[in-house]
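# Per-entry structural report
These are the residues of each chain, in order.
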Amino acid sequence: MEDKMSFLDICGGRLALQRRYYSPSCREFCLSSPRLSLRLLTAVTCTVWLAAYGLFTLCENSMILSAAIFVTLLGLLGYLHFVKIDQETLLIIDSLGIQMTSSYASGKESTTFIEMGKVKDVIINEAIYMQKVIYYLCILLKDPVEPHGISQVVPVFQSAKPRLDCLIEVYRSCQEILAYQKATSTSP
Amino acid sequence: MEAPLSLLSHPLPSAAGCARAREVWGLECARASGRVFWRLSKATGKMVENSPSPLPERAIYGFVLFLSSQFGFMLYLVWAFIPESWLNSLGLTYWPQKYWAVALPVYLLITVVIGYVLLFGINMMSTSPLNSIHTITDNYAKNQQQKKYQEEAIPALRDISISEVNQMFFLAANELYTN
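An unreviewed UniProt entry lists chain B under the name Phosphatidylinositol N-acetylglucosaminyltransferase subunit P isoform X1, with Pteropus vampyrus as the source organism. Annotation of chain B in UniProt includes, under Subcellular location (unreviewed entry), the sentence "Membrane".

Chain A appears in an unreviewed UniProt entry as Phosphatidylinositol N-acetylglucosaminyltransferase subunit H isoform X1 from Pteropus vampyrus. What UniProt states about chain A under its Sequence similarities (unreviewed entry) heading is, verbatim, "Belongs to the PIGH family."

### Topic: the interface of chain A and chain B
Taken together, the contact pairs 21 residues of chain A with 19 residues of chain B. For the pairing of chain A and chain B, the buried interface totals around 1800 Å² over both sides, and the portion due to carbon and sulfur atoms is 66%. On the chain A side of the interface with chain B, the three residues burying the most area are V153(A), Y171(A) and R172(A), jointly 27% of the side's total. Taken together, chain A and chain B are joined by 6 residue pairs in polar contact (both at pLDDT 80 or more). Breaking the side of chain A that touches chain B down by element, the ones donating at least two residues are β7 (119-129), β8 (132-142), β9 (150-155) and α3 (164-186) of chain A. Among the elements that line the side of chain A that touches chain B, the one with the most residues is β7(A), at 7 residues. Broken down by class, the residue content of the side of chain A that touches chain B amounts to 15 nonpolar, 4 polar and 2 charged.

### What about the domain arrangement of chain A?
Residues and elements named next belong to chain A. Under the domain assignment, chain A is made up of domain 1 (1-34 + 82-183) and domain 2 (36-80). Domain 1 and domain 2 are separated by 37 Å when their C-alpha centres are compared. On the side of domain 2, 4 residues touch domain 1, which itself brings 7 residues to the contact. When the two sides are added together, the surface that domain 1 and domain 2 hide from each other amounts to roughly 470 Å², 60% of it contributed by carbon and sulfur. For the domain 1 face of the interface with domain 2, the top three residues by lost area are F82, V83 and K84, together amounting to 71%. In this structure, the connection of domain 1 to domain 2 is made through 0 salt bridges. For the pair domain 1 and domain 2, the interface holds 5 residue pairs in polar contact (both at pLDDT 80 or more).

### Regarding the UniProt feature "transmembrane region" (unreviewed entry) in chain B
UniProt records the feature "transmembrane region" (unreviewed entry) at residues 59-79 and 99-122 of chain B, using the numbering of this structure. Note that residues 99-122 of chain B is 100% helix and 0% strand, and that its end C-alpha atoms are spaced 33 Å apart.

### With respect to helix α2 (residues 63-83) of chain A
Residues and elements named next belong to chain A. Across its 21 residues, α2 extends 28 Å between first and last C-alpha, which sits within 8% of the 30 Å expected from 1.5 Å per residue. All of the buried residues in α2 are I64, A68 and T72. For α2, the buried positions fall inside an angular range of 85° around the axis, keeping them on one side. Residues M63, F70, L73, L74, L77 and F82 are exposed on α2 and point more than 90 degrees away from its buried face. In this structure, the buried side of α2 is in contact with α1 (38-59).

### As for the domain arrangement of chain B
Residue and element names in this part refer to chain B. Per the domain assignment, the segments making up chain B are domain 1 (57-94) and domain 2 (95-125). For domain 1 versus domain 2, the separation of C-alpha centres amounts to 23 Å. The interface of domain 1 with domain 2 comprises 11 residues on the first partner and 7 residues on the second. Summed over both partners, the interface of domain 1 with domain 2 comes to about 870 Å²; 63% of that surface belongs to carbon and sulfur atoms. Connecting domain 1 to domain 2 are 0 salt bridges. Listed by contribution, the elements that provide at least two residues to the side of domain 1 that touches domain 2 are α2 (56-81) and α3 (84-90). At 5 residues, the largest contribution of residues to the side of domain 1 that touches domain 2 is made by α2. Of the residues in the side of domain 1 that touches domain 2, the class split is 9 nonpolar, 1 polar and 1 charged.

About the criteria used
Residues numbered from 1 in each chain as written. Chains lettered and ligands numbered in written order. Predicted model: local features only at pLDDT ≥ 70, side-chain atom pairs only at ≥ 80, totals over all residues. Heavy atoms only, no water. UniProt positions renumbered as here; feature names shortened; annotations may be inferred. Contact = heavy atoms within 4.5 Å. Buried area = accessible area lost by both parts, 1.4 Å probe. Polar contact = N/O pair within 3.5 Å; in protein donor to acceptor, adjacent residues only side chain to side chain. Helix = DSSP H or I, 4+ residues; strand = E, 2+ residues; numbered from the N terminus. Nonpolar A, V, L, I, M, F, W, Y, C, P; charged D, E, K, R; others polar. Domains from an automatic or database assignment. Salt bridge = Lys/Arg side-chain N within 4 Å of Asp/Glu carboxyl O. Expected span 1.5 Å × (residues − 1). Buried < 20%, exposed > 50% of the residue type's maximum accessible area, 1.4 Å probe, protein only. Arc of directions from axis to C-beta.

Written out as structure tokens, the structure is:
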């Protein structure tokens, strides 16, 4: 069963949340950011090339122009491969664990998996981020030494940064699965 | 950090005796887990309280500061403006270079401007990152004592775990967010 909803991120940009219910114990949430806009790309390229042309008229060295073209191309490729995340996915499987996948614009995918034995809870936390206070979803990991302690905090959807309404949807679904898992694990 | 005085649940020794002890020895009371510990503060023989009220000594300090700052300013103006030859003719020959009369204020102003930027940067650096455990809990919350629940009494103040807070906010209040 699939479900598509539209939300906003903390800066006001559009996000699309796609929920897939595979089974009562397995769900997937996919947050997609809009692709690299042509307007931004044109603006950056024009600025860099105009600045290079200005330097060229000052210095009369044509290497500056070739260097500017080179820098723009490499910069664009590097940005697409290392910085621009198009889609972030959170997959929860009841007895197995939680998997987070980030897909970059160049097609690269980076995956992190946390097994269910380590997961204490999934919560929405508030924190200060760059002159703002934002809500973000995070996974709390258990402390092996102390039963009620928290050893680590793993934030989720770090590049998409959705707002609270989107986070509440994901949070409720995650809590249903965790409750289901606790119910099935405690029953004999 | 010592536990604060809890005036509600545990009786202190008599107020008169406590005040007298403070006057004579300059001691401080600290309460820890039901017993009273007496700690020696810096024994000055005076009252340990610091109040901002005006006192005769403070008036004198203030006036001395005022006079010395006015004198220092006049001295600075004399040094900066009066030519070297006049000062030498008076017999005052050992002065620093007049370059410093301009350089030091400029240094001071630049320090103030950089201080603004530096303070902003230090604030940003000391903010915990999003994946830090300090956004969830800290040592005081981990080591807090669980007081027994008493009937008909206001529950003791304590730090509630973030899972409970989340459930209360986001799972229970369904109608609040679907509107």
